[in-house]
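If you want the building blocks of each chain, they are given just below.
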Amino acid sequence: MTAPVLEVRDLVMVYGEGDARVRALRGVSLTVEKGDYVAIMGASGSGKSTLMNILGCLDVPTSGAYLVDGTDVGALNEKQLAILRNRKIGFVFQSFNLIPRMSALANVELPMAYGGVGAAERRARALAALEQVGLSDRIHHEPNELSGGQQQRVAVARALVTSPALLLADEPTGNLDSRSTEDVLEILDGLSASGRTIVIITHEDDVAAHAKRVVRLVDGRIVEDRRQAPAEGLPPRMAVRKSTMTGTMTGTMTGTMTGTAADTAAGAEAAG
Amino acid sequence: MSPLEILRFALRGLAANKLRSFLTTLGILIGVAAVILLVAFGEGASQSIQQSIQRLGANTLTVSASFAGGGGGFGGGGGVRQSGPRTQARQLTLEDARALADPEQAPSVKSVSPVVTANSSAAVHEGASHTISQLVGTYPSYFEATNKPVETGTYFVNDDVLAARKVMVIGKTVAEALFGAVSPVGRQVSVSGVPFTVVGVLKESGSSGMQDADDVAVVPLPAVQQSLTGFGPLGSIIVQATGAETADSAQAEVTAILDQRHGITPTGTADYRILNQAALQETVSSTIGVFTTLLGAVAAISLLVGGIGITNIMLVTVTERTREIGIRKAIGAPRGAILGQFLVESTVLSLVGGLSGLAVAFAGTRFTIAGIEPVLVPSSIVLALGVSVGIGLFFGSYPANRAAKLRPIQALRHE
């Protein structure tokens, strides 16, 4: 068994001093194996965004260990951190965070430019990634010429174009309508099915239902860690979709909530 | 991350805000153009003044009487006499001039020309009249010493001086005023009723400063003394040294001879003064040098202001693009790439400003302003361009550093 993609031990994050002291994380330990699809859930103030920023190497925890692909992040200097962010982690933000006045293609090429990939290969990989998210006809559009859903798909393409070990998505559907939400989640499902490790932060049960594993945070502590599907298999929704099409329930599903949501999605698929 | 890539990002960043980039560039443009132009004008002025000094004659010493000092050896110098005219001060005489021409005592002296000047003499020729501002009575060596070649006709010669012939070499302005287009050579001009025959016309030397150097007439010394000024003291003695190197030794020799003849002790004040053309030239060029430096300094200040403009604009840009910087960092931009991008942006701004400033300066130096033809000084071009690039790097480094140092999480949260 290879090293887990993600391993955090006793993460503590404290903001501020004295009376203004806020303990955002109070000892979080979590291990994510390769190919897993984890949803981190929690109300606002539960510390999930703080956790996300630490997992993405954007912030440094007050204490605790963090390993990405077996590398201890705490021991890295700034330059090495930049390389780690570039090679190992793909980011999808709630507010898309595309660079304005740069075409979709240029945005997707950007991480490879920082990674030192040659121009020709960069172009080819960016086009492939955009095709994967279904935006081949929009490559020369700038972010302000794209809809929210399209922008988020560009962001997903940008996150996966470097083939990162870990895809981090911070409320990726928070700013999207239900139709675009479905599009983006479907793409994430597909990526998970192809073996990509995904960690998604959300407060919507609907979104969490797509994950193979749900981790619930309350007040900076993990209160629930529930597996919905095996890490090596298909994500639950795809499994359901597949079984509906073949006419047999595989029986991997547990929990009524997930089941109902899956039925709705399957129904939409059948109608479409 | 190749440097080319960084340059591409930088150019894209600049193109995103064209007006702002243009205005910032303008600041540097004006600074660089001002430095190069003002230094070029300073240099032009310096050269033109040097030329007009040289026109007065090279390697010459002008000895003139000075009443500020008195000779020693005359007793009875009471305090009462201090304010009155120094009767004991001696004028320059023809004998002084002859003594200076002695090749044994003054080996560095090539020629000596005693000069008597009559100012504002009315000259008439067939009804046309003109006031000659300088009527000079002298020896033929005067022409060479003061660099006044004859254009048409001839010089007068030593025989003319000995015979006190009333012949005259006139300047261009006088020739035009009295004769118009007609050749003046061989014609008569009467100055204060005394008829002179024009034998030559001087080559035009151009006006130097306020005085028209061509409004002049040169006649043999005795002729002007006889008819106009009388046989009084000399106005000045023009001494030509044998070469530029001997000008100083010639001055020493002249001083020695005159001190002896006028009875001036080493501690006494001389009753004459010597104007050394070479020394004058040196003084003038150092003065002009100071002015050029001052002009350059003023222009350099505008270059500095332009540089501060770059810092200002880059700071605004960094603040405005904080979020973008955060995104770039989140997707793995190393610190060097961010630093490079903003440094290149500011350097491109200042370099483009510098180059266009150079173009403006080149265009500007094609014009003659206030009679001064600007002369481009290569070192000022190199300096101004180098400084403008340096300004981009220096004034851009603070904002660029600030951008590079941003923590990604703070940058991303920035609205």
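Criteria and cut-off values
Residues numbered from 1 in each chain as written. Chains lettered and ligands numbered in written order. Predicted model: local features only at pLDDT ≥ 70, side-chain atom pairs only at ≥ 80, totals over all residues. Heavy atoms only, no water. Helix = DSSP H or I, 4+ residues; strand = E, 2+ residues; numbered from the N terminus. Buried < 20%, exposed > 50% of the residue type's maximum accessible area, 1.4 Å probe, protein only. Contact = heavy atoms within 4.5 Å. Areas by Shrake-Rupley, 256 points an atom, 1.4 Å probe, with all protein chains shown as cover. Expected span 1.5 Å × (residues − 1). Arc of directions from axis to C-beta. Salt bridge = Lys/Arg side-chain N within 4 Å of Asp/Glu carboxyl O. pLDDT = per-residue confidence, 0-100. Phe/Tyr/Trp six-rings, centres within 6.5 Å; stacked < 30°, edge-to-face > 60°. Lys NZ or Arg CZ within 6 Å of the ring centre and 35° of its normal. Axes fitted to C-alpha atoms, helices over the stretch in contact; angles between N-to-C directions. Parallel < 35°, antiparallel > 145°, perpendicular 65-115°, else oblique. Left-handed = near helix turned anticlockwise from the far one by under 90°. Patch = residues over 30% accessible without salt bridge, like charges linked within 9 Å, V, L, I, M, F, W, Y side chains within 5 Å. Pairing = 2+ DSSP bridges. Polar contact = N/O pair within 3.5 Å; in protein donor to acceptor, adjacent residues only side chain to side chain. Buried area = accessible area lost by both parts, 1.4 Å probe. Nonpolar A, V, L, I, M, F, W, Y, C, P; charged D, E, K, R; others polar.

## Overview of the overall build of chain A
Alright, step 1. Looking only at helices and strands, chain A has nine helices and 10 strands in total.
Alright, step 2. Counting the 272 residues in chain A, one finds 51% classified as buried.
Alright, step 3. Across chain A, every contact between residues at least 6 apart in sequence was considered, and the portion connecting residues at least 24 apart equals 70%.
Alright, step 4. Accessible surface computed for chain A: about 11700 Å², of which carbon and sulfur atoms make up 51%.

## Considering the overall build of chain B
Alright, step 1. Regarding its fold elements, chain B presents 13 helices and 10 strands.
Alright, step 2. Out of the 415 residues belonging to chain B, those deemed buried represent 47%.
Alright, step 3. The long-range share in chain B, meaning contacts at least 24 apart out of those at least 6 apart in sequence, stands at 78%.

## Section: helix α4 (residues 119-132) of chain A
Residues and elements named next belong to chain A.
Alright, step 1. For α4, built from 14 residues, the straight-helix expectation of 20 Å at 1.5 Å per residue is met to within 8% by its first-to-last C-alpha distance of 20 Å.
Alright, step 2. Residues R122, A126, A129 and L130 constitute the buried set of α4. Projected down its long axis, α4 shows its buried positions confined to an angular sector of 95 degrees, all on one face. Within α4, the exposed residues directed more than 90 degrees away from the buried face are A120 and E131.
Alright, step 3. Looking one or two residues beyond α4, the residue adopting positive phi is G134, at roughly 75 degrees.

## Quick notes on the pattern of salt bridges
Residues and elements named next belong to chain A.
Alright, step 1. Enumeration according to the criterion identifies 25 salt bridges over all chains in this entry.
Alright, step 2. We note a salt bridge from K88 to D69, for which the minimum N-O separation is 3.1 Å. Taken together, the residues K88 in helix α2 (residues 78-88) and D69 in the loop between β4 (63-68) and β5 (71-72) connect sequence positions 19 residues apart.
Alright, step 3. K88 sits in the partly exposed class, given a relative accessible area of 25%.
Alright, step 4. Accessibility expressed as a relative area gives 32% for D69, which makes it partly exposed.
Alright, step 5. A salt bridge links E109 to R123, with the nearest nitrogen and oxygen atoms 2.7 Å apart. Residue E109 is located in helix α3 (residues 104-115), and its partner R123 is located in helix α4; the two are separated by 14 residues in the primary sequence.
Alright, step 6. Ionic contacts of the salt-bridge type, sharing partners, join the residues D36, R213, D225 and R227 into one network.

## Describing the confidence of the model for chain A
Alright, step 1. With 87% of its residues at a pLDDT of 70 or more, chain A has an overall mean of 82.
Alright, step 2. Taken as a whole, residues 247-272 of chain A scores under 50 in pLDDT and shows 17 contacts with residues more than four places along the chain or in a different chain.

## Topic: the packing of aromatic side chains
Alright, step 1. Here the structure, examined in full by the defined rule, presents six aromatic pairs over all chains.
Alright, step 2. Seen from their ring centres, A:F91 and A:F93 are 4.9 Å apart, and the 5 degrees between their planes marks the pair as stacked.
Alright, step 3. Judged by relative accessible area, A:F91 falls into the buried class, the value being 3%.
Alright, step 4. Centre to centre, the rings of B:F394 and B:F395 are 5.1 Å apart; their planes meet at 90 degrees, and the pair counts as edge-to-face.
Alright, step 5. Here a set of aromatic residues connected by ring pairs shows up, and it is made of B:Y142, B:F143, B:Y155 and B:F156.
Alright, step 6. Above the ring of B:F9, the side-chain terminus of B:R328 is found at 4.7 Å from the ring centroid.

## Thoughts on unusual backbone geometry
Alright, step 1. The phi torsion at A:F96 lies on the positive side, around 65 degrees, for a residue other than glycine.
Alright, step 2. Positionally, A:F96 belongs in the loop between β6 (89-92) and α3.
Alright, step 3. With phi around 50 degrees, B:S192 is a residue other than glycine that occupies positive phi space.
Alright, step 4. With respect to the element layout, B:S192 can be found in the loop between β6 (188-191) and β7 (194-202).

## A few points about the packing of helix α9 (residues 277-320) of chain B against helix α12 (residues 378-405) of chain B
A pair of packed helices is captured by two measures, namely the crossing angle of their axes and the spacing between those axes.
Residue and element names in this part refer to chain B.
Alright, step 1. Where α9 meets α12, the axes come as close as 9 Å, and the angle between the chain directions of the two elements is 25 degrees. Considering the angle they form, α9 stands roughly parallel to α12. As α9 packs across α12, the resulting crossing turns out to be right-handed. Of the residues in α12, those touching α9 at L303, L304, G307, I308, T311, M314, L315, V318 and T319 are V387, I391, F395, Y398, P399, R402 and A403.

## Notes on a nonpolar patch on the surface
Residue and element names in this part refer to chain B.
Alright, step 1. Taken together, the side chains of L19, F22, L23, L26 and I30 make up a nonpolar region of the molecular surface, amounting to roughly 490 Å² of accessible area.
Alright, step 2. With respect to the helices and strands, the residue I30 is situated in helix α2 (residues 18-55).
Alright, step 3. Here I30 falls in the partly exposed class, since its relative accessible area comes to 48%.

## Some details on the pairing of strand β1 (residues 60-65) of chain B
Residue and element names in this part refer to chain B.
Alright, step 1. Taken across its six residues, β1 has five buried, putting it largely inside the fold.
Alright, step 2. In this sheet, strand β9 (residues 236-241) lies alongside β1 in antiparallel orientation, the contact comprising five bridges. Looking across to β9, one finds that T60 is bridged to Q240.
Alright, step 3. Relative to strand β10 (residues 272-276), β1 runs antiparallel, the two sharing five bridges.

## A word on the side chain of B:H130
Residue and element names in this part refer to chain B.
Alright, step 1. Checked against the element boundaries, H130 lands in strand β3 (residues 128-138).
Alright, step 2. The buried category is assigned to H130, whose relative accessible area is 15%.
Alright, step 3. A distance of 2.9 Å separates the side chain of H130 from the side chain of D215, its partner in a polar contact.

## Brief notes about the sheet that holds strand β1 (residues 6-15) of chain A
Residue and element names in this part refer to chain A.
Alright, step 1. Taken in spatial order, the four strands of this open sheet run β2-β1-β4-β5, and their pairing is antiparallel. The open sheet is flanked by β2 (22-32) and β5, the only strands paired with a single partner.
Alright, step 2. Across eight bridges, the pairing between β1 and β2 is antiparallel. The residue of β2 that forms the bridge with Y15 is V22.
Alright, step 3. Each of β1, β2 and β4 is contacted by helix α1 (residues 48-55), which is oriented at about 125 degrees to β1, the strand it contacts most.

## Quick look at the interface of chain B and chain A
A common measure of how large an interface is: the accessible area buried when the components associate.
Alright, step 1. Listed per partner, the contact involves 25 residues of chain B and 24 residues of chain A.
Alright, step 2. Taking both sides of the interface into account, the surface hidden between chain B and chain A amounts to around 2200 Å²; carbon and sulfur atoms contribute 58%.
Alright, step 3. The largest contributions to the chain B side of the interface with chain A come from B:I327, B:I331 and B:I409, which together make up 25% of the buried area.
Alright, step 4. As a salt-bridge pair, B:R335 and A:E78 come within 3.5 Å of each other at their nearest N and O atoms.
Alright, step 5. Connecting chain B to chain A are seven residue pairs in polar contact (both at pLDDT 80 or more).
Alright, step 6. Broken down by secondary-structure element, the contributors of at least two residues to the side of chain B that touches chain A are α1 (3-15), α10 (322-330), α11 (335-364) and α13 (408-413) of chain B.
Alright, step 7. Top element by residues in the side of chain B that touches chain A is α10(B). It accounts for six residues.
Alright, step 8. Grouping the constituent residues of the side of chain B that touches chain A by class yields 13 nonpolar, two polar and 10 charged.

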